[in-house]
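The chain contents come next:
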Amino acid sequence: MPEGPEIWRTTDSLNKALQDKTITDLYFAFDELKKYETKLKGEKVDKIEARGKAILTFFDNELVMYSHNQLYGKWMISPNGAQPDTNRSLRVAIHNEDQSAFLYSASQIEILQKEEISNHSYIEKLGPDVLHPDTTYDDIIAQYQSEDFQNRKLTTLLLDQGFVSGIGNYLRSEIMFYAKADPHHKLKEYSEQQKEALAEATIKLSRRSYETGGITNDPSIVEALKREKAKRSQYRHFVYKRTGNRCHKCGTVIEEEKTGGRKIYYCPNCQLDE
Ligand SMILES: [Zn+2]
């Protein structure tokens, strides 16, 4: 399941292929969207942005395509109309003079008016998107301080897209490690200082992962491990999927635990309270 950093990287490549370019041809597989093929042909793509795990394609004429990939959806980009070699079922194709973008297997695709976006049933439930350019530290710390979430366990809250959107399973464990947070508490049990550390880690590691293509570990540790010929799986994260290996910071053996069906990973020495 892709997390915010992966989805925003997809929007980057879509923008590179489509932004500000005139649509020369367009294809929708779903019958109810067919009528938009002629409405959108000749228009330009204004921009493409993520909202949680959904992608919004803004067109010049105030229409917006909402698409959510669920588990299997995938965007592919190729030069001038050449259709990628794949067995997946094509749902949308957007062509311009130079490039084409193909959306495969996504099941949720809708065309909305721009003003309908904020009321969309999926989007209206989302918390601030951690990687949206307009999201600030103040937006994120406000979530950690909000009365609405104080009785929730931190481990489940971090996966709730209504709290902060864009965080998934690897960022969850990495954020708790970076903030030195014991993963066993409800939000109200963390001090103000710990909440600030969590808010900082939420932004910092999401942006870092977006910029590095999925690496959350400190750059200095990554460099040192690369010099020792470590594999990506060994240097990529602080704790995620590193059960039984030693903490990069203190050498203690990393542990895992199952909460709500999904595993968390932590360093007992760096994170657990006395
Ligand atoms: Zn440690």
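Up top you'll find the structure we're talking about.
From a predicted model like this one, the values you see are computed outputs, not experimental measurements. (Residues numbered from 1 in each chain as written. Predicted model: local features only at pLDDT ≥ 70, side-chain atom pairs only at ≥ 80, totals over all residues. Heavy atoms only, no water.)

Asks: Help me understand the sheet that holds strand 6 (residues 90-95), please; the structure alone is not making it clear to me.
Replies: Remark on secondary structure: sheet strands pair via backbone hydrogen bonds, oriented parallel or antiparallel. Pairing is antiparallel in the open sheet, where four strands are placed in the order 1-6-7-5. At either end of the open sheet lies a strand with only one pairing partner, and these are strand 1 (25-28) and strand 5 (74-79). Each adjacent strand pair in this sheet contributes to an overall mean axis angle of 15°, direction not counted. Where strand 5 lies against strand 7 (residues 99-104), six bridges are found, and the strand directions are antiparallel. Across the sheet, residue Ile77 finds its bridge partner in strand 7, namely Ala101. (Pairing = 2+ DSSP bridges. Helix = DSSP H or I, 4+ residues; strand = E, 2+ residues; numbered from the N terminus. Axes fitted to C-alpha atoms, helices over the stretch in contact; angles between N-to-C directions.)

Asks: Would you mind showing me how to read the coordination of the zinc ion here?
Replies: Each pair of donors in an ideal octahedron of six around a metal sits at 90 or 180 degrees, and each pair in an ideal tetrahedron of four sits at 109.5 degrees. The zinc ion binds to the protein through Cys247 (SG), Cys250 (SG), Cys267 (SG) and Cys270 (SG); the donor distances cover 2.2 to 2.3 Å. For the zinc ion, the four donor atoms in the first shell make angles of 100 to 113° at the metal, a pattern classed as tetrahedral. Mapped onto the sequence, the residues coordinating the zinc ion show the spacing C-x2-C-x16-C-x2-C. With Cys250 in the loop between helix 8 (232-235) and strand 9 (255-259) and Cys267 in the loop between strand 10 (262-266) and helix 9 (268-271), the pair connects residues that are 17 residues apart, well separated along the chain. (Donors = N, O, S within 2.8 Å, 3.2 Å for Na, K, Ca; no water. Tetrahedral: all angles 85-135°; square planar, octahedral: opposite > 155°, others 65-115°.)

Asks: Would you mind showing me how to read the nonpolar core here?
Replies: Taken as a class, soluble globular proteins show a tendency for nonpolar side chains to be buried jointly. One finds Phe28, Met65, Tyr144 and Leu154 to be the most contacted residues of the largest nonpolar core, which totals 62 residues. Setting aside anything within four residues of it in sequence, one finds Tyr144 in contact with Gln150, Leu154, Leu158, Phe163, Ile175, Leu187, Lys195, Leu198, Ala199 and Thr202. Among the nonpolar cores identified, the runner-up in size contains eight residues, and Ala54, Phe58, Ile117 and Ile123 belong to it. (Core = buried A, V, L, I, M, F, W, Y, C linked by side-chain atoms within 4.5 Å. Buried < 20%, exposed > 50% of the residue type's maximum accessible area, 1.4 Å probe, protein only. Contact = heavy atoms within 4.5 Å.)

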